[in-house]
Amino acid sequence: MAVVDVLRPGFVQLRVMDMAQSLTHYRDRIGLDVVATGADGRVYLKADDEFDHHSIVLRPADTAGMDVCAFKVLDDAALDRLTDRLHAHGVVTQAIPAGEQLGVGRRVRFTAPTGHVFDLYADIERAPAGPMTDNPHVWRHEPRGMAPIRFDHVLLYGDDIDGAADLFTQCLGFRRVEEVETPDGTVLATFLSCSTKSHDIAFVRHAEKGKFHHCSFLLEDWNAIGRAADLMTRYEIPIDIGPTRHGISRGRTIYFFDPSGNRNEVFAGSYDHYPDHPRRVWSADQVGRAIFYYEGELNDRFMGVVT
Amino acid sequence: MGGDDGEHRLVVETGDGARIELVCRPGETLLAGLRRQGCRTVPVGCRSGGCGVCRVRVIAGAVVVARPMSATHVSAVARQQGHVLACCVQPDAGRFD
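Residues numbered from 1 in each chain as written. Chains lettered and ligands numbered in written order. Predicted model: local features only at pLDDT ≥ 70, side-chain atom pairs only at ≥ 80, totals over all residues. Heavy atoms only, no water.

## Notes on the layout of surface pockets
All names here are of chain A. Rule in force here: The rule is simple: put a 1 Å grid over the protein atoms alone, call a set of points where a 1.4 Å probe fits but cannot get out a cavity, call an open set with protein on both sides within 12 Å along at least five of seven lines a pocket, and count a residue as lining if it has an atom within 4 Å of a point. Grid points are joined across faces, edges and corners, and a volume is the space filled by probe spheres set on the points. Only runs of H or I of at least four residues qualify as helices and only runs of E of at least two qualify as strands under DSSP, and these elements are numbered from the N terminus. Note that the domain bounds were set by an automatic or database domain assignment.
Reported here for the second largest pocket is a volume of approximately 430 Å³. In this structure, the second largest pocket is lined by 28 residues; those nearest its centre are Arg8, Arg150, Phe151, Asp152 and Lys197. Put simply, the parts of the chain that give the lining of the second largest pocket at least two residues each are β1 (6-16), β9 (150-158) and β16 (263-268). Sorting elements by how many residues they give to the lining of the second largest pocket places β1 first, with four residues. Three or more residues apiece are contributed to the lining of the second largest pocket by two domains, here domain 1 (6-121) and domain 2 (150-304).

## Some points on the interface of chain A and chain B
Counted only if it meets this: Residues count as neighbours in contact if any of their non-hydrogen atoms are within 4.5 Å of one another. Throughout, the accessible surface (probe 1.4 Å) given up by two parts as they are put together, summed over both, is called the buried area. Each salt bridge in this description consists of a side-chain nitrogen of Lys or Arg and a carboxyl oxygen of Asp or Glu lying within 4 Å of one another.
With 19 residues of chain A at the interface, the matching set in chain B holds 15 residues. When chain A packs against chain B, close to 1,100 Å² is buried across both sides, 56% of that on carbon and sulfur atoms. Interface area lost by chain A to chain B is led by A:Met17, A:Arg301 and A:Val305, which between them contribute 33%. On the surface where chain A and chain B come into contact, there are zero salt bridges.

## Some remarks on the environment of A:Ile237
Locating A:Ile237 in the fold gives a position in the loop between α4 (222-234) and β14 (239-245). Excluding its chain neighbours within four sequence positions, the residues that come into contact with A:Ile237 are A:His25, A:Arg29, A:Met146, A:Leu231, A:Met232, A:Phe256 and A:Phe257.

## Side note on helix α1 (residues 19-30) of chain A
Every α-helical turn comprises 3.6 residues, leaving residues that sit three or four positions apart pointing alike. Residue and element names in this part refer to chain A. Applied cut-off: Only protein chains enter the calculation, and the probe is 1.4 Å; a residue is then buried if its accessible area is under 20% of its type maximum, exposed if over 50%, and partly exposed in between. Directions are taken from the helix axis to each C-beta atom, and the arc is the one they span. Think of a polar contact as two N or O atoms within 3.5 Å of one another; within protein, one of them needs to be a possible hydrogen donor and the other a possible acceptor, and neighboring residues in sequence only count if both atoms come from side chains.
Every buried residue of α1 is listed here: Met19, Ser22, Leu23, His25, Tyr26 and Ile30. One side of α1 holds all its buried residues, which, seen down the axis, span an arc of 160 degrees. Looking at where α1 begins, the residue whose side-chain oxygen comes 3.2 Å from the main-chain nitrogen of Ala20 is Asp18. Backbone geometry just downstream of α1 places Gly31 in the positive-phi region, at approximately 105 degrees.

Structure, rendered in structure tokens:
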């Protein structure tokens, strides 16, 4: 929907099993900038065109997967409004104090019906070297690696995606932009937007709670996707599928894996969403084309490989 | 069993009782060796130790764990029982016989 209280996915914290290899991947290959390293070993990174302190947090762990995805909201009053709406919806929230992550103010945490942990926050420091604002050049320093513009969205797998979609639409102002449905109306996948993006978060129905499918980075265009594919091949980064295109969102894409097996996406060229647009629906028998438009069928990994 | 030029000859037993003989090259992971020789019994997932779909059990011989395996899929107990992720292990040059 048009932006009201929730602005965008602000950051995601991922578990990684080898920090040195993870930094080679996220910093040198994808091309994120390292902003800071915390005393607890977490490393904070951002994409070139992001103003805020960080958008990706890597936490050393003995498992892969996502700790938390956080949405930035308009201001502190919006944070209170959204918290009230969560409580009215019967959602339990937890206060995460300012400073738990470097540069981030107080956060309001809740667990979605799919088992995923989400935070809302209003305050975060600006990055020391964000995009220029006075007579701004297209970039301060030329981009590295795959030249990511921003952290774009996450796609998550869990059981009660109906409950999660209800929570995000009824409490947080998201809209159902595009969905996959069975003939009996069961939603298999839901793509939700809080902005004019085609999706700011997506959920796919899956037996197990709390699984992570991918986090996505916006690139400039199809040429940038092609160059990213060259880099993945040159540096032997495991590719899941692509370059190809999604039917849902129409985005050009490559799915690939970080050194801990967390799936990443580079993404470009999806449509814009406005609040007056009708919901787009794919029937379950066309799900292959919905996900991988050119191939027309899912690969073995799409449904089963998650962290 | 050991082979010439650092290659390792392996026998893979699948759940349905079939036996597949294959050769792993030096530095090659078990999963890469399986795929190179056309064996599709073990699924290929993230190839990075995180997703767990290529979990196998070492029945005889030994392997070197070349990269971290997610504790979600290979706990310490499971590791002691021989469970590993095929994308993370290589046949152990010193311990295969």
